[in-house]
Amino acid sequence: MKKVITYGTYDLFHEGHYNLLKRAKALGDYLIVGVTTEYYDLQRGKLNVMDSVLKRVENVRKTGLADEIIIEDHEGQKPEDIQKMGVDIFAIGSDWVGAFDYLKEFCQVVYLDRTPDISSSKLRENRYPIVQLGVVGSGRIAPRFLAEAKFVSGINARAVYNPKEESARDFGKAYELESYFGDFQEFLENVDAIYIASPHETHYEYAKQAIEMGRHVLCEKPLTFTVKRAEYLYALAEEKGVILMEGIKTAYCPGFMQMMNTARSGVIGEVRDIEACFSRITPPGLREMKDQKYGGAFLEFGSYTLLPIFKLLGCNYENVEFDGIYAENGVDLYSKIHFQFKNALAMSKTGIGVKSEGQLVIAGTKGYILAESPWWLTKSFEVRFEDPARIEKYSPKFLGDGLRYEIADFVSKINGNEKMSHCLTREESVAMAGVVERFMEERKQGRRGKY
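It should be emphasised that the depicted structure is a prediction, and the values quoted were computed from it without experimental measurement.

Draft legend 1. Up close: the pairing of strand E2 (residues 30-36). For E2, the tally of buried residues reaches six of seven residues, placing the bulk of the element in the interior. Bridge count between strand E1 (residues 3-8) and E2: six bridges; the pairing is parallel. The residue bridging Lys3 from the neighbouring strand is Tyr30, located in E2.

Draft legend 2. Spatial organisation of the pattern of salt bridges. Under the criterion given, the structure shown has 21 salt bridges. Measuring nitrogen to oxygen at the nearest pair gives 4.0 Å for the salt bridge that ties Glu288 to Arg287. In this structure Arg287 comes out as partly exposed when scored by relative accessible area, which is 26%. The shortest N-O distance in the salt bridge between Asp409 and Lys413 comes to 2.5 Å. Taken together, the residues Asp409 and Lys413, both in helix H14 (residues 403-414) and four residues apart, mark about one turn of the helix. Neither residue differs from the other here; Asp409 and Lys413 are each classed as buried.

Draft legend 3. Representation of the nonpolar core. Among the nonpolar cores identified, the biggest contains 88 residues, and Leu133, Phe145, Met259, Ile274, Phe310, Phe339 and Ile362 are the most heavily contacted of them. By residue number, the principal contributor to this core is helix H13 (residues 297-313), which donates 11 residues. When near neighbours in sequence (up to four residues on either side) are disregarded, Leu133 contacts Phe145, Ile155, Asn156, Ala157, Arg158, Ala159, Val191, Ala193, Ile194, Tyr195 and Phe410.

Draft legend 4. Just the pairing of strand E4 (residues 89-93), in detail. Counting buried positions over the five residues of E4 gives five, a clear majority of the element. Relative to E4, E1 is paired through three bridges, and the arrangement is parallel. In the sheet register, Val4 faces E4, and the bridge partner there is Ile89. The pairing of E4 with strand E5 (residues 108-112) spans five bridges and is parallel. Bridging from a neighbouring strand, Ile89 pairs with Gln108 of E5.

Draft legend 5. Focus on the sheet that holds strand E11 (residues 244-247). Spatially, the six strands line up as an open sheet ordered E8-E7-E6-E9-E10-E11, and their pairing is parallel. Looking at strand neighbours, the two that pair on one side only are strand E8 (179-181) and E11, the edges of this open sheet. Sheet twist, expressed as the average angle between the axes of neighbouring strands with direction ignored, equals 25°. Sheet analysis places strand E7 (residues 155-161) next to E8, joined by three bridges and oriented parallel. Bridging from a neighbouring strand, Ala159 pairs with Ser179 of E8. Set on the sheet, H14 makes contact with strand E6 (131-136), E7, strand E9 (193-196), strand E10 (216-220) and E11; between it and E10 the angle comes to about 155°.

Draft legend 6. A look at unusual backbone geometry. Cis peptide bonds are those with omega within 30 degrees of zero, and the linkage from Lys221 to Pro222 qualifies with -10°. When you line up the elements, Pro222 lands in the loop between E10 and helix H10 (227-240). With an omega dihedral of 0°, the bond running from Ser373 to Pro374 counts as a cis peptide bond. Examined against the element boundaries, Pro374 turns out to sit in the loop between strand E17 (367-371) and strand E18 (381-385). Even without a glycine there, the phi angle at Leu12 is positive, about 50°.

Draft legend 7. Examining the packing of aromatic side chains more closely. Per the stated rule, a full pass over the model turns up 27 aromatic pairs. Pairing Phe381 with Tyr394 gives two aromatic rings, centres 4.7 Å apart and planes at 10°, and the pair type is stacked. Here the residue Phe381 occupies a position in strand E18, and Tyr394 occupies one in strand E19 (residues 391-394), the gap between them amounting to 13 residues. For Tyr394, a relative accessible area of 24% puts it in the partly exposed group. When the ring centre of Phe385 is taken as reference, the NZ or CZ atom of Arg390 above it lies at 3.6 Å. The ring of Phe151 carries the charged tip of Arg404 above its face, separated from the ring centre by 3.8 Å.

Draft legend 8. Highlighting the sheet that holds E2. If you trace the five strands from one edge of the open sheet to the other, you get E3-E2-E1-E4-E5, paired in parallel fashion. Unpaired on one side and paired on the other, strand E3 (68-72) and E5 mark the two borders of the sheet. Averaged over all pairs of adjacent strands, the angle between their axes in this sheet comes to 25°, without regard to strand direction. Contacting E1, E2, E4 and E5, helix H1 (residues 15-25) runs over the sheet at an angle of about 145° to E2. Where helix H3 (residues 53-62) meets the sheet, its contacts fall on E2 and E3, and the angle it forms with E2 comes to roughly 160°.

Draft legend 9. Region of the structure containing the packing of helix H9 (residues 203-212) against H10. For the pair H9 and H10, the least separation of the axes is 9 Å and the interaxial angle reads 15°. By the angle between their directions, the pair H9 and H10 is classed as roughly parallel. Note that H9 runs across H10; the crossing there is left-handed. Facing H9, whose interface residues are Tyr204, Ala207, Lys208, Ile211 and Glu212, H10 presents Arg229, Tyr232, Leu233, Leu236, Ala237 and Lys240. A class-by-class count of the residues in the contact of H9 with H10 yields seven nonpolar, no polar and four charged.

Draft legend 10. Region of interest: a negative patch on the surface. Taken together, the side chains of Glu165, Asp183, Glu186 and Glu189 define an acidic patch exposed on the protein surface. Summarising the element assignment, Glu186 is placed in helix H8 (residues 184-189).

Draft legend 11. Here's a closer look at the side chain of Arg404. Its place among the elements puts Arg404 in helix H14. Polar side-chain contacts of Arg404 include one of 3.0 Å to the side chain of Glu148.

Draft legend 12. Molecular detail of the side chain of Thr262. Looking at where Thr262 falls in the secondary structure, it is placed in helix H11 (residues 254-264). What Thr262 contacts, discounting residues up to four positions off in sequence, is Val267, Ile369, Phe381, Val383 and Tyr394.

Calculation rules
- Residues numbered from 1 in each chain as written.
- Predicted model: local features only at pLDDT ≥ 70, side-chain atom pairs only at ≥ 80, totals over all residues.
- Heavy atoms only, no water.
- Buried < 20%, exposed > 50% of the residue type's maximum accessible area, 1.4 Å probe, protein only.
- Helix = DSSP H or I, 4+ residues; strand = E, 2+ residues; numbered from the N terminus.
- Pairing = 2+ DSSP bridges.
- Salt bridge = Lys/Arg side-chain N within 4 Å of Asp/Glu carboxyl O.
- Core = buried A, V, L, I, M, F, W, Y, C linked by side-chain atoms within 4.5 Å.
- Contact = heavy atoms within 4.5 Å.
- Axes fitted to C-alpha atoms, helices over the stretch in contact; angles between N-to-C directions.
- Phe/Tyr/Trp six-rings, centres within 6.5 Å; stacked < 30°, edge-to-face > 60°.
- Lys NZ or Arg CZ within 6 Å of the ring centre and 35° of its normal.
- Parallel < 35°, antiparallel > 145°, perpendicular 65-115°, else oblique.
- Left-handed = near helix turned anticlockwise from the far one by under 90°.
- Nonpolar A, V, L, I, M, F, W, Y, C, P; charged D, E, K, R; others polar.
- Patch = residues over 30% accessible without salt bridge, like charges linked within 9 Å, V, L, I, M, F, W, Y side chains within 5 Å.
- Areas by Shrake-Rupley, 256 points an atom, 1.4 Å probe, with all protein chains shown as cover.
- Lys, Arg positive; Asp, Glu negative; His and termini not counted.
- Charge placed at Lys NZ, Arg CZ, Asp CG, Glu CD.
- Polar contact = N/O pair within 3.5 Å; in protein donor to acceptor, adjacent residues only side chain to side chain.

If you want it as C-alpha cells, here you go:
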C-alpha cells in the first residue's frame with residue numbers, strides 16, 4: 001500500500017482545497033491529511049485564519065478523500081509523521097516549490113498544481129472588506145505599528161491624525177500614508193477603525209468619540225484611568241456594535257499564551273505567587289520622566305506586569321498596597337504594588353529610574369515558571385522543580401515586534417471571529433483600570449514612599 005501525506009490549514013474550505021486533496025489521493029492508495037492548529041498557525045505567522053480547527057477538520061472529512069486526518073501542532077512534525085506512519089509520498093501545493101525538498105531524505109516529494117484564481121486569501125477579501133484604519137498620534141510607537149500592520153492581511157493603515165496638522169502631514173509623508181488630518185471628526189469620516197497611540201490622558205476622549213461614530217477602536221494602554229470610564233467605553237462599544245480592544249501586545253503573543261496555559265495545566269501545581277518586573281532606564285527628557293500627572297513607571301509599564309497576575313489569579317484581589325520611589329517632580333521612578341488574593345500573593349514592579357531584573361516568576365506548589373527579560377515579548381521560558389536537574393525549556397516563536405498578533409486579533413474581531421477574545425478580557429481590562437485609579441489616588445495623596 002502506497003501512503004501519501006499532505007498538510008494544510010484548509011481555512012474557508014474551497015474548490016482549490018478539494019482539488020488539491022483529490023490530486024494527492026490519486027498519487028497512492030491511502031491519504032493522510034494534516035490540519036494545523038490555531039496555535040501552530042500563530043507560531044508560523046499565519047494570523048488571519050477564520051475557521052476553528054474542528055470546523056477545518058470536519059470540512060476535510062466531508063470530502064471523503066482523507067483516509068486519516070491528523071493534527072499538526074509543532075515545527076518539525078512533518079518528518080516525524082512521515083517516518084512514524086511509513087509514508088511514501090509527501091504532497092503539497094506548487095506555491096511551496098523547493099520549500100520541502102529536505103523531506104526527500106525520508107520519502108518522495110511531489111508539488112501539486114494549484115487551482116488557478118482561487119485561494120483562501122481571495123475568499124477572505126471577498127467575504128470581509130479590507131479594514132481602512134487610521135492612526136491617532138505620530139509618536140514613538142506609531143511607526144512600529146505601521147511596520148507590523150504590513151504583515152497582517154485584511155487591514156490597510158491609510159491615515160494619520162495629529163491635532164498639530166503639520167506633524168500629521170510630516171508623518172503621513174514619511175510613512176507614505178494616503179492622507180493626514182488635523183481635524184479629528186474629518187479623520188474619523190475617512191476610516192473604519194482607529195489605533196490610538198497618543199498620550200495617555202487623551203485615550204478616553206478619542207476612543208469615546210470614535211465609538212460614538214461607529215468606529216472600531218484599538219487603544220494603547222492604559223485605556224482609561226478609572227473603572228467607571230472603562231466600563232462606559234465597553235458598554236458604549238457594545239451598544240454601537242463595534243470592537244474595543246486595549247492594546248497590551250503581550251496578551252496576544254503565542255509564547256505568552258503558551259506560558260499562561262502551562263501555568264494553568266497543573267504542571268507547577270497551584271499558583272501561589274507571581275512576581276512581574278518591567279524596568280528601563282529612561283532618558284530625563286522623555287515624557288515618562290517629565291509628565292507629573294500622567295508619566296512615571298507604573299503608568300508606562302504597569303499594564304504589562306498586571307497582565308499575568310490577573311490572568312492567573314483572577315481580578316478579585318482582597319487587598320492592594322502601593323510603595324514607590326519618586327522624583328522631585330512627583331513622577332514615580334520605581335513602584336511596587338503588592339496584591340493579596342484568597343490563596344495567593346502577587347507583586348508588580350515597574351521602573352523608569354531604577355533598573356531591576358526584568359523577569360516574571362510564577363510560583364506553584366510543585367514548581368515554578370521563570371521567564372527572563374524581556375518576558376513581555378515571551379521568546380522563551382522555563383519550568384523548574386525541586387530537583388535542580390529537572391528543567392523544562394520552551395522556546396515559542398515570536399515574530400517581529402509582537403504588535404502583528406494584536407493587530408491580527410483586532411481585524412479578526414471586526415470580522416466577527418471572537419476565538420481569541422480570551423487573550424485580554426473585558427473584565428481584565430476594567431480591573432487594570434481599577435488598579436490605575438487606586439494608584440493615582442495614592443500618588444496624589446502622597447501616602448506611599450515619597451521622599
